[in-house]
Amino acid sequence: MTTSEHLDLISAESRATAYETYAGLRSDAPISRVKMPTGQDVWLLTGYEEGVELLTDYNRFKTTATVVPEGVEMPAVPDAVLRLLGGSMAALDPPDHTRQRRLVQAAFTPQYVEKLRPVVQAITDRLVDDLLARPDRSVDLVEEFAVPLPLTVMSNMLGIPPTDRDRFRLWSELLLGLDPTSAQSAPNGMSPMDVMAEIERFVGYIDALIKAKRADPGEDLISGMALAEADGERMTDDEVLKMVALLVVGGLGTTQHLIGNMVLALFRNPDQLALLRAQPELAANAVDEMLRYHGSIEISFPRFAAEDTVLAGESIAKGEMLIAVLAAGSRDPRKFTDPDRLDIRRHGASRHLGFGRGAHMCLGAPLARVEGQIALNTLLSRLPELRPAISLDDVTWRAGMTLRGVTALPVAY
Ligand code: HEM
């Protein structure tokens, strides 16, 4: 029996050295038994092939925790999380997952994302206009660009009017904070009761929006999901609500942090910055390489062994929890040559694990890629003097293990 290692993987300080920590674990074995901050023992997969095996063998590994035998303790989940995310698509296994994914996919088509491209460009251009209008020519790029870009795109997609965007931003932060590995405290000293009351308001707001869109559909995604049909079935209001919550949780912090991570990585690799400035057509590959080198989702959702089994040579007991460390798999030297080097021309960069793999692979990947490419090309072409305004050793990382990103990135231009 392998004993659990106590590792600090969650504090803000630990974030700066997380890649080294994972490389150290992987050099011993691509699977390690670790005690999570929640107190639970977990198997961490730090190898590429092992991570893929976990994410794609739906018979042996489940996302639903129903395989946990009696007596095994699960982390406490707040009621609001259960109400919004419990039974959401991300926590379902085939065939229930397949049905929901097919329905949402019918609304979230590649054609739909292509239609969003000019919208994303216009939103990005407006944000850069605002940056250029500032007399001091220096801002926190996270606060003034990386946060509002996906937030405005998502509000637009969901049909949230501009007047409600500030509330929507607060709700999205509160929803993110519900993740037990996020280690985020509520903003402005809000009490847990205030947080739950706001979450209730979010539920009421989205409920009303769904009803309004069913009665009078528009071009937005909520209308699309409410009307989507697959095999003669439609999504219920409750399913659309859970899906909206999942899109908010899955689509905002991730894209925000990808943008921050990409700009930071370019600052730290001036040759790659110069290359991308000279050849903007490399942006598509650059975004995939960034997702490999410095993706914004570090770990998969937990999976649970459906039976006693063996993975990477370790015996796993039925019900035990396993997590694929996507950030580590994407830097596995058995898969990628010179994995710790950023190379925006790398062949095969898109084989990274940054969007996961298999049935739960990121639904929003096409949109995230479009947002990432437009963000990079627009920033570099319209702000030719863009540079860091602090020492790059002083950047601070968001605490928590799921999302990987900087909390602020002061720049001048
Ligand atoms: C850079 C940005 C993004 C990254 C790195 C990312 C990463 C991921 C990963 C790793 C997973 C799979 C987790 C697992 O299997 O355990 C996932 C799932 C998901 N993502 Fe993303 N994501 C991003 C952007 C988005 C956006 C923009 C949206 C929506 C607009 C979105 C919606 C979702 C949804 C709904 C799922 C669950 C899919 C399912 O369970 O079938 N993501 N994402």
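Before reading further, recall that the structure is shown in the block above.
Residues numbered from 1 in each chain as written. Predicted model: local features only at pLDDT ≥ 70, side-chain atom pairs only at ≥ 80, totals over all residues. Heavy atoms only, no water.

### What about the site of the ligand?
Then, in step 1: Taken together, 30 residues sit near the ligand, with H97, R101, F301, H360 and C362 positioned nearest.
Then, in step 2: In this structure, an oxygen atom belonging to the ligand sits 2.9 Å away from a side-chain N or O atom of R303.
Then, in step 3: The contact in question runs from an oxygen atom of the ligand to an N or O atom on the side chain of H360, over 2.6 Å.
Then, in step 4: Mapped by element, the contributors of at least two residues to the shell around the ligand are α5 (96-107), α12 (237-251), α13 (253-268) and α17 (365-382).
Then, in step 5: Examining the composition of the shell around the ligand, we find that four residues originate from one element, α12, more than from any other.
Then, in step 6: Of the residues that constitute the shell around the ligand, the class distribution is 17 nonpolar, eleven polar and two charged. (Near = heavy atom within 4 Å. Polar contact = N/O pair within 3.5 Å; in protein donor to acceptor, adjacent residues only side chain to side chain. Helix = DSSP H or I, 4+ residues; strand = E, 2+ residues; numbered from the N terminus. Nonpolar A, V, L, I, M, F, W, Y, C, P; charged D, E, K, R; others polar.)

### Structural notes on helix α10 (residues 192-215)
Then, in step 1: With 24 residues, α10 extends 35 Å from end C-alpha to end C-alpha; this agrees with the ideal 34 Å at 1.5 Å per step.
Then, in step 2: Residues V195, E198, I199, F202, V203, Y205, I206, L209, I210 and K213 constitute the buried set of α10. (Expected span 1.5 Å × (residues − 1). Buried < 20%, exposed > 50% of the residue type's maximum accessible area, 1.4 Å probe, protein only.)

### Details of the packing of helix α8 (residues 148-158) against α12
Then, in step 1: At a closest axis distance of 11 Å, the pairing of α8 and α12 adopts a crossing angle of 165 degrees. Taken together, the axes of α8 and α12 are roughly antiparallel relative to one another. Taken as a pair, α8 and α12 cross one another with a handedness that is right-handed. Between α8 and α12, the contacting residues are P150, M154 and L158 on the first element and V244, L247, V248 and G251 on the second.
Then, in step 2: Broken down by class, the residue content of the contact of α8 with α12 amounts to six nonpolar, one polar and no charged. (Axes fitted to C-alpha atoms, helices over the stretch in contact; angles between N-to-C directions. Parallel < 35°, antiparallel > 145°, perpendicular 65-115°, else oblique. Left-handed = near helix turned anticlockwise from the far one by under 90°. Contact = heavy atoms within 4.5 Å.)

### Some details on the sheet that holds strand β5 (residues 138-140)
Then, in step 1: With antiparallel pairing, three strands are arranged side by side in an open sheet as β5-β13-β12. Each having just a single partner strand, β5 and β12 (387-388) make up the two edges of the open sheet.
Then, in step 2: Note: β5 against strand β13 (residues 410-412), three bridges, orientation antiparallel. Among the inter-strand pairings, S138 is bridged to a residue of β13, identified as A412. (Pairing = 2+ DSSP bridges.)

### A word on the nonpolar core
Then, in step 1: If you look at the biggest cluster of nonpolar residues, it comprises 97 residues, and the most contacted ones within it are L158, M225 and L409.
Then, in step 2: Looking at this core element by element, the count peaks at nine residues for α17.
Then, in step 3: For L158, the residues in contact, after removing those within four places along its chain, are F168, L209, K213, D220, L221, I222, V244, L247 and V248. (Core = buried A, V, L, I, M, F, W, Y, C linked by side-chain atoms within 4.5 Å.)

Scope: geometric values only; no functional claims are made or implied.
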